[in-house]
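Structural description and commentary
Residue-level listing of the chains:
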Amino acid sequence: MALRVPAIPFTFVAHTLAVAALVLVLVWNIHFRGGFAWEATNKNLIFNLHPLLMLLGLIILGGEAIISYKSLPLKKQVKKLIHLVLHALALALGIIGIYAAFKNHNESGIANLYSLHSWIGIGVIVLYGIQWIYGFLIFFYPGGSPTLRSECIPWHVVFGLLVYVLAVANASLGFLEKLTFLESSGVAKFGSEAFLVNFTALTTILFGVFVVISVLSEAPAPIEDDQSYSSI
Ligand code: HEM
């Protein structure tokens with residue numbers, strides 16, 4: 001779109017950062033926080049699902065869905081299907097991840113929706129859902145006319161990127177908030193867990209940066225392009 005450089009190298013950096021962020025969040029929650037559970041007397045184990053599912057869902061699968069047009073040398077129709085399915089998975093994991101945070105609060109007698117992070121979080125998941133539904137209706141089924149699709153695509157790209165950047169920013173707020181809670185209950189400010197959480201957040205932000213750079217760079221040559229509009 002804007003940068004006259006091939007996107008592929010940036011997408012490889014993004015995939016690597018995604019794996020690194022996933023490993024870091026797993027090490028944090030399994031090694032330092034006791035692991036995961038859906039039903040448990042230790043309600044913290046239910047909460048631990050929240051950062052894992054939000055990172056894997058909205059951030060990693062959402063980011064991979066966004067860059068799929070730039071990272072895969074496939075036919076446009078196949079890339080469209082991959083984009084749609086990855087975003088659906090991201091949304092589903094995001095909804096389950098938010099439900100886990102509510103479940104932890106409700107079962108621990110903690111109030112819901114008191115923080116900036118939670119307010120932005122509700123905004124992100126609602127906007128993500130709207131973006132997916134309107135994308136599905138206009139570009140997939142039943143599908144708009146070619147004119148409507150080519151008029152909608154720039155809005156789809158800009159709105160999608162804005163929601164994604166907001167999601168990455170909100171995940172950073174979440175890491176900050178959780179680490180602040182932990183530090184006020186005894187976790188050392190310069191201890192290994194604090195560094196691990198901060199590096200997980202930094203890796204998440206860097207992944208978001210490479211997703212945006214990939215989107216702004218040039219897609220690989222299409223194998224077959226029978227559509228009259230450009231996807232991104
Ligand atoms: C884009 C990703 C994320 C979204 C959309 C999101 C959304 C939310 C929502 C809606 C709540 C409110 C739950 C309630 O009130 O019962 C919440 C709670 C919470 N989240 Fe996240 N979250 C995200 C990522 C993260 C991450 C990566 C962490 C890191 C640990 C995190 C930490 C927290 C904490 C500590 C709470 C409980 C305190 C509070 O309600 O603010 N979140 N999140």
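The rules we used
Residues take numbers from 1 onward in each chain, read along the sequence in its written order. Residue-level local features of this predicted model are given only where pLDDT is at least 70; pairs of side-chain atoms are given and counted only at 80 or more, and the full residue set underlies all totals for whole chains, interfaces and linings. Numbered from the N terminus, helices here are DSSP runs of H or I no shorter than four residues, and strands are runs of E no shorter than two. Taken over C-alpha atoms, the radius of gyration is set against a globule rule of 2.2 Å times the number of residues to the power 0.38. Neighbour counting defines burial: a residue surrounded by 20 or more other C-beta atoms within 10 Å of its own C-beta is buried, one with 12 or fewer is exposed, and intermediate counts give partly exposed, using backbone-placed C-beta atoms. Think of it this way: build a C-beta for each residue from its backbone, and any pair within 7 Å is a contact. Any residue whose C-beta atom, as placed from the backbone, lies within 6 Å of a molecule or strand is termed near it. Amino acid classes used here: Ala, Val, Leu, Ile, Met, Phe, Trp, Tyr, Cys and Pro are nonpolar; Asp, Glu, Lys and Arg are charged; the rest, including Gly, are polar. UniProt positions are given in the numbering used here, feature names are shortened, and annotations may be inferred rather than shown by experiment. The span one expects for a helix is its residue count, reduced by one, times 1.5 Å. Take the buried Ala, Val, Leu, Ile, Met, Phe, Trp, Tyr and Cys residues, join any whose C-beta atoms are within 7 Å, and the set you get is a nonpolar core. Note on definitions: angles span 0 to 180 degrees between N-to-C directions of axes, and those axes are lines fitted to C-alpha atoms, for helices only across the stretch in contact. By definition in this entry, angles of less than 35 degrees are roughly parallel, angles greater than 145 are roughly antiparallel, angles of 65 to 115 are roughly perpendicular, and the rest are oblique. Each crossing is labelled by how the near helix is turned from the far one, with a counterclockwise turn of less than a right angle marking it left-handed and a clockwise turn marking it right-handed.

**A word on the overall build of the chain**
The helix and strand inventory of the chain stands at seven helices and zero strands. Shown N-terminal to C-terminal, the secondary structure of the chain runs as helices and strands in the order α-α-α-α-α-α-α. A compact globule built from 232 residues should have a C-alpha radius of gyration of about 17 Å, and the chain, at 19 Å, falls within 12% of that. The C-alpha extent of the chain, read off along each of the three principal axes, is 60 × 35 × 25 Å. The burial tally for the chain puts 33% of its 232 residues in the buried class. Summarising the internal contacts of the chain: among those between residues at least 6 apart in sequence, 78% fall at separations of at least 24.

**Examining the environment of Ala219**
The residue Ala219 is located in the segment after helix H7 (192-216) in this model. Separated by 214 residues in sequence, Ala219 and Val5 have C-alpha atoms that sit 9.1 Å apart. Among residues more than four places away in sequence, those in contact with Ala219 are Ala7, Tyr69 and Lys70.

**Things to note about the site of the ligand**
Surrounding the ligand, one finds 25 residues, the nearest of these being Asn112, Ser115, Ser118, Gly121 and Gly174. Mapped by element, the contributors of at least two residues to the shell around the ligand are helix H3 (49-71), helix H4 (76-108), helix H5 (116-140) and helix H6 (146-184). It is H6 that provides the largest number of residues to the shell around the ligand, a total of seven residues. Residues that form the shell around the ligand fall into these classes: 14 nonpolar, nine polar and two charged.

**Brief notes about the UniProt feature "transmembrane region" (unreviewed entry) in the chain**
Here the UniProt-annotated "transmembrane region" (unreviewed entry) positions come out as residues 12-32, 52-69, 81-102, 114-141, 153-175 and 195-216. The span residues 12-32 carries 100% helix and 0% strand; its end-to-end C-alpha distance comes to 30 Å. Measuring from the first to the last C-alpha atom of residues 52-69 gives 25 Å, for a span that is 100% helix and 0% strand.

**Description of the environment of Ala100**
When you line up the elements, Ala100 lands in helix H4. On a C-alpha basis, the gap between Ala100 and Asn112 in space is 12 Å, while along the polypeptide they are twelve residues apart.

**Let's talk about the UniProt feature "domain: Cytochrome b561" (unreviewed entry) in the chain**
Here, the residues flagged by UniProt with the feature "domain: Cytochrome b561" (unreviewed entry) are residues 13-216. The annotated region residues 13-216 carries 83% helix and 0% strand content, and the separation between its end C-alpha atoms amounts to 15 Å.

**Quick look at unusual backbone geometry**
Most peptide bonds are trans, and most residues other than glycine sit at a negative phi. Cis peptide bonds are those with omega within 30 degrees of zero, and the linkage from Tyr141 to Pro142 qualifies with 0°. With respect to the element layout, Pro142 can be found in the loop between H5 and H6.

**Topic: helix H1 (residues 8-32)**
Structurally, the α-helix is built with 3.6 residues per turn, so residues lying three or four positions apart point the same way. When the terminal C-alpha atoms of H1 are compared, their 36 Å separation across 25 residues agrees well with the 36 Å that a helix rising 1.5 Å per residue should span. Here H1 has its buried residues at Phe10, Thr11, Ala14, Leu17, Ala18, Ala21, Val25, Trp28 and Asn29. Count one or two residues on from H1 and you reach Gly34, which has phi positive near 90°.

**What about the nonpolar core?**
The biggest cluster of nonpolar side chains holds 46 residues, and the ones touching the most others in it are Ala14, Leu55, Ile59, Ala167, Phe207 and Val211. Looking at this core, the elements that each hand over two or more residues are H1, helix H2 (44-47), H3, H4, H5, H6 and H7. Looking at this core, the element that brings in the most residues is H3, giving 13 residues. Contact partners of Leu55, with chain neighbours within four places excluded, come to Ala21, Leu22, Val25, Ile60, Ala171 and Thr204.

**Quick word on the packing of H4 against H5**
Interhelical geometry of H4 versus H5 gives an angle of 155° and a closest axis separation of 11 Å. Taken as axis vectors, H4 and H5 run roughly antiparallel relative to one another. In this structure, the crossing between H4 and H5 has a hand that is left-handed. Contacts from Lys80, Leu84, His87, Ala88, Leu91, Gly94, Ile95 and Ile98 of H4 reach H5 at Gly121, Ile125, Tyr128, Gly129, Trp132, Phe136, Phe139 and Phe140. Of the residues that constitute the contact of H4 with H5, the class distribution is eleven nonpolar, four polar and one charged.

**Observations regarding H7**
For H7, built from 25 residues, the straight-helix expectation of 36 Å at 1.5 Å per residue is met to within 8% by its first-to-last C-alpha distance of 36 Å. Every buried residue of H7 is accounted for by Val197, Thr200, Ala201, Thr203, Thr204, Phe207, Gly208, Phe210, Val211, Ser214 and Val215. Contact partners of the buried residues in H7: H1, H3 and H6.

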